[in-house]
Amino acid sequence: MGAMEKSWKLYILRCGDGSLYTGITVDVPARLAAHRAGKGAKYTRGRGPMELVYTEEVGSHSDALKRELEVKAYSRADKQKLCGLKP
């Protein structure tokens, strides 16, 4: 990874309705602020308040996309376990 490249991170949000949203970004605080401002993913709009419950450094954008697909395929129980949340 070059000096100018930022490391990608996988993150999971718990929405106000109890659902879990998985995404990737290089800047978790900025992405969380965007979700909270209604400028994030369409899924999270109107589902506030949102709480960041998990982050994981994954390296390259390609690695992040692969990990995101992997985690999105998890069952809700497996996502909760990953985040250390009680089912």
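Up top you'll find the structure we're talking about.
Residues numbered from 1 in each chain as written. Predicted model: local features only at pLDDT ≥ 70, side-chain atom pairs only at ≥ 80, totals over all residues. Heavy atoms only, no water.

With respect to the pairing of strand β2 (residues 20-25)
And then number 1: The buried count for β2 comes to six of six residues, which makes it a mostly enclosed element.
And then number 2: Neither face of β2 is left uncovered, since the one carrying L20, T22 and I24 and the one carrying Y21, G23 and T25 both have all their residues buried.
And then number 3: Two elements, strand β1 (residues 8-14) and β2, share six bridges in a ladder whose sense is antiparallel. Note that in β2 the partner of I12 across the bridge is T22.
And then number 4: Here β1 hands over to β2 after five residues, with G18 in that stretch at a positive phi of 90°. (Buried < 20%, exposed > 50% of the residue type's maximum accessible area, 1.4 Å probe, protein only. Helix = DSSP H or I, 4+ residues; strand = E, 2+ residues; numbered from the N terminus. Pairing = 2+ DSSP bridges.)

Describing unusual backbone geometry
Negative phi characterises most residues that are not glycine, and trans characterises most peptide bonds.
And then number 1: With an omega of -5°, the peptide bond between G48 and P49 qualifies as cis.
And then number 2: Turning to its location among the elements, P49 is positioned in the loop between α1 (28-36) and β3 (51-59).

These values are about where atoms sit, not about what they do.
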